[in-house]
Amino acid sequence: MMRYFIEVAYKGTSYAGFQRQENAHTVQAELEKALSTIFRVPLLLTGSSRTDAGVHARQNYFHFDTEIELTDRSVYNLNALLPHDLAVNGLYRMPESAHSRFDAISREYRYYLYTRKTPFLYDRAYYFPYVLDMESMRAAASILKEYRDFTSFSKRNTQVKTFLCTLHESEWIETGEGFHYYVKGNRFLRGMVRALTATMLKVGRGKISLDEFRAVIEARDCTLADFAVPAHGLFLERVNYPEDYFGRI
């Protein structure tokens, strides 16, 4: 058996999430269907990073095992079969011990917002035409790097062993069309980036102070955070692996 990583990008609008679910349209199910059609054997995928319904990804990975030797032509064939909102960007032969989820060392997300009505962004960013104190929001983003326990920013009923995460980078960036929140960390909890974004927007609008923002973090209570930003503004930008990870074979 040979192990392969498959790199994908997708627009999440029409998907019920990344991971396979019963009676639901998901990225994993669509990709497994295409692989099975081309290679005429069932192939089961293991994903690197889950995304919720409606969330997009510029880069995400799966791995799978097969006895079939794949080529660059396999990428072309898959893309010819997959729908317009899902693309394969690469196939990589890996050592048998390689694991797309456990070997990843960090993930990068951006949550995009725009302040002037723009028809071309409505399903890829959040329209937010309000006056914001960007200085306070940048201070809140910096505060997050002081903490490791993000229980307050995780959705309920999440089956994880720990709520500890390390954020390497956390900042608000202004652009010509609006602004976005960029965050890089070793791992993220379910709903975490959207909760961080929404709660910091409350700081920006003066609804809570920076001290109250700290209190939300330290309370470890998800009822105190705000999760009310839509999924379509969120992009998984990159999944990072150790240096030369893809050059092992």
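What this report covers is the structure whose coordinates are included nearby. What you see is a predicted model; the values in this text were computed from it and never measured.

Overview of the packing of aromatic side chains
- For the coordinates displayed, the defined rule picks out 22 aromatic pairs.
- Judged by centre distance (6.3 Å) and plane angle (55°), the ring pair of Phe-5 and Tyr-61 falls under tilted. Of this pair, Phe-5 sits in strand E1 (residues 2-10) while Tyr-61 sits in strand E3 (residues 56-66), and the two are 56 residues apart along the sequence. With respect to class, Phe-5 is no different from Tyr-61; both count as buried.
- Note on Tyr-61 and Tyr-241: the rings are 5.4 Å apart at their centroids and 85° apart in plane angle, and the pair reads as edge-to-face. With a gap of 180 residues between them, Tyr-61 in strand E3 and Tyr-241 in the segment after strand E9 (234-240) connect regions that are remote in the sequence. The residues Tyr-61 and Tyr-241 share a single accessibility class, namely buried.

Brief notes about the nonpolar core
- If you look at the biggest cluster of nonpolar residues, it comprises 73 residues, and the most contacted ones within it are Phe-150, Phe-153, Trp-172 and Phe-213.
- In terms of residues, this core owes the most to one element, helix H4 (residues 192-204), which gives eight residues.
- Discounting residues that sit within four places of it in the chain, Phe-150 has contacts with Leu-144, Phe-163, Cys-165, Leu-167, Leu-189, Met-192 and Leu-196.

Considering the packing of helix H3 (residues 134-144) against H4
- Packing of H3 against H4 brings their axes to within 8 Å, and their N-to-C directions diverge by 140°. Relative to H4, the element H3 lies oblique. Seen from above, H3 lies across H4 with right-handed handedness. Contacts between H3 and H4 involve Ser-136, Met-137, Ala-140, Ala-141 and Leu-144 from the former and Leu-196, Met-200, Leu-201, Val-203 and Gly-204 from the latter.
- Taken together, the residues of the contact of H3 with H4 break down into eight nonpolar, two polar and no charged.

Thoughts on H4
- For H4, which comprises 13 residues, the first-to-last C-alpha distance of 18 Å matches the rise-based estimate of 18 Å (1.5 Å per residue) to within 8%.
- Counting buried positions along H4 yields twelve of 13 residues, so the element is predominantly enclosed.
- Where H4 is concerned, the buried positions are Met-192, Val-193, Arg-194, Ala-195, Leu-196, Thr-197, Ala-198, Thr-199, Met-200, Leu-201, Val-203 and Gly-204.
- On its buried side, H4 packs onto strand E5 (106-114), H3, strand E7 (167-174), strand E8 (178-185), helix H5 (210-219) and E9.
- Immediately downstream of H4, the backbone of Gly-206 shows phi near 80°, a positive value.

Let's talk about the environment of Asp-133
- By the secondary structure assignment, Asp-133 is in the loop between strand E6 (126-127) and H3.
- With a relative accessible area of 35%, Asp-133 lands in the partly exposed category.
- Residues Asp-133 and Phe-227, spaced 94 residues apart in sequence, show a C-alpha to C-alpha distance of 20 Å.
- Side chain to side chain, Asp-133 and Ser-136 meet in a polar contact 2.8 Å long.

What about the pattern of salt bridges?
- Across all of its chains, the model carries twelve salt bridges by this definition.
- Across the pair Arg-138 and Glu-174 runs a salt bridge, and its minimum N-O distance is 3.2 Å. Of the two residues, Arg-138 sits in helix H3 while Glu-174 sits in strand E7, which places them 36 residues apart along the sequence.
- For Arg-138, a relative accessible area of 37% puts it in the partly exposed group.
- Each member of the salt-bridge network shares a partner with another, and the members are Lys-11, Asp-123 and Arg-124.

So, the environment of Leu-234
- Looking at the element boundaries, Leu-234 is found in strand E9.
- Remark: the alpha-carbon pair of Leu-234 and His-99, spanning 135 residues in sequence, is separated by 25 Å.
- Beyond its immediate chain neighbours, meaning those up to four positions away, Leu-234 contacts Val-55, His-56, Tyr-109, Arg-110, Tyr-111, Val-193 and Arg-194.

So, H3
- Among the residues of H3, those classed as buried are Met-134, Ser-136, Met-137, Ala-140, Ala-141, Ile-143 and Leu-144.
- Looking at the buried side of H3, the elements it contacts are E7, E8, H4 and H5.
- By the N-cap criterion, in which a side-chain oxygen at the helix start approaches the backbone nitrogen of a residue two or three places on, H3 is capped by Asp-133, the distance to Glu-135 being 3.2 Å.

Rules of the game
- Residues numbered from 1 in each chain as written.
- Predicted model: local features only at pLDDT ≥ 70, side-chain atom pairs only at ≥ 80, totals over all residues.
- Heavy atoms only, no water.
- Phe/Tyr/Trp six-rings, centres within 6.5 Å; stacked < 30°, edge-to-face > 60°.
- Helix = DSSP H or I, 4+ residues; strand = E, 2+ residues; numbered from the N terminus.
- Buried < 20%, exposed > 50% of the residue type's maximum accessible area, 1.4 Å probe, protein only.
- Core = buried A, V, L, I, M, F, W, Y, C linked by side-chain atoms within 4.5 Å.
- Contact = heavy atoms within 4.5 Å.
- Axes fitted to C-alpha atoms, helices over the stretch in contact; angles between N-to-C directions.
- Parallel < 35°, antiparallel > 145°, perpendicular 65-115°, else oblique.
- Left-handed = near helix turned anticlockwise from the far one by under 90°.
- Nonpolar A, V, L, I, M, F, W, Y, C, P; charged D, E, K, R; others polar.
- Expected span 1.5 Å × (residues − 1).
- Polar contact = N/O pair within 3.5 Å; in protein donor to acceptor, adjacent residues only side chain to side chain.
- Salt bridge = Lys/Arg side-chain N within 4 Å of Asp/Glu carboxyl O.

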